[in-house]
Amino acid sequence: MGEVKKLTVTDLIKEKEKYKIKEDVKEELYLSRLDASITIQKPERSLCMESFEMVNDSNQAGKADAFMVYNIVVEPNLKDPQLQKEFGCVEPIDIVEKVFEMGEISQIAKAGLELAGYSDGVSKVKDIKN
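The shown structure was predicted, so the numbers you read here are calculated from the model rather than taken from an experiment. (Residues numbered from 1 in each chain as written. Predicted model: local features only at pLDDT ≥ 70, side-chain atom pairs only at ≥ 80, totals over all residues. Heavy atoms only, no water.)

Novice: Before we go on, may I ask you to explain the sheet that holds strand S1 (residues 26–31) in this structure?
Specialist: Strand pairing in a sheet relies on backbone hydrogen bonds. The paired strands run either parallel or antiparallel. With antiparallel pairing, 3 strands are arranged side by side in an open sheet as S1-S2-S3. At either margin of the open sheet sits one strand with a lone partner, and together these are S1 and strand S3 (73–75). Each strand of the sheet is rotated relative to its neighbour by a mean of 40 degrees, with strand direction disregarded. Of the strand pairs in this sheet, S1 and strand S2 (residues 36–41) are connected by 6 bridges, and their pairing is antiparallel. Within S2, the position partnered with Leu29 by the bridge is Ile38. Strands S2 and S3 of the sheet are contacted by helix H4 (residues 64–72), whose axis makes an angle of about 35 degrees with S3. In this fold helix H7 (residues 102–115) packs onto S1, S2 and S3, with an angle of close to 40 degrees to the strand it touches most, S2. (Pairing = 2+ DSSP bridges. Helix = DSSP H or I, 4+ residues; strand = E, 2+ residues; numbered from the N terminus. Axes fitted to C-alpha atoms, helices over the stretch in contact; angles between N-to-C directions. Contact = heavy atoms within 4.5 Å.)

What follows is the structure, encoded as structure tokens:
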């Protein structure tokens, strides 16, 4: 890779729409087991923080990914009362484990976190130059 461009205040001002954080970001994910796609939305910062807190709480650690999925899947609407009733959910979040396999839950949660910037999109410049 050649020279890495340094981001400046001038760049930020000149192209502020390009750099502005977008809140309503959605992505479609394909699940091969279901041969269908779902739509997720970028999680809000507070949802990410709550999910991270759950991971560090031994009583809730196993539910963190399901909690994230329940809150970021917008299509189908996992919060639909009829859906909840049909699947016999005791707690609303139960629908996640009734519809998706554990591995799918983990991957959907990861995709949501990536939309919020929790990915490998940041690198040290010295690593890029080497």
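From this point on, the discussion continues.
Novice: Just checking my understanding: could you explain the environment of Ile21 for this structure?
Specialist: Relative to the assigned elements, Ile21 resides in the loop between helix H2 (16–19) and S1. Taking the C-alpha atoms as reference points, Ile21 and Ala116, 95 residues apart in sequence, are found 9.6 Å from one another.

Novice: Got a minute to help me understand the nonpolar core in this structure?
Specialist: In globular proteins that are soluble, nonpolar side chains generally tend to be buried together. Counting 27 residues, the largest nonpolar core has Ile38, Ile40, Val69, Leu78, Val96, Phe100 and Ile108 as the members making the most contacts within it. Elements that contribute at least two residues to this core include exactly S1, S2, helix H3 (45–55), H4, helix H6 (94–99) and H7. (Core = buried A, V, L, I, M, F, W, Y, C linked by side-chain atoms within 4.5 Å. Buried < 20%, exposed > 50% of the residue type's maximum accessible area, 1.4 Å probe, protein only.)

Novice: So what exactly am I meant to see when it comes to H7 here?
Specialist: Note on helix geometry: an α-helix contains 3.6 residues per turn, so any two residues three or four positions apart are oriented the same way. Between its first and last C-alpha atoms H7 spans 20 Å; for 14 residues at 1.5 Å apiece the expected length is 20 Å, and the two agree. Buried within H7 we find Glu104, Ile105, Ile108, Ala109, Ala111, Gly112, Leu113 and Leu115. In the core, the buried residues of H7 are packed alongside S1, S2, H3, H4, S3 and H6. (Expected span 1.5 Å × (residues − 1).)

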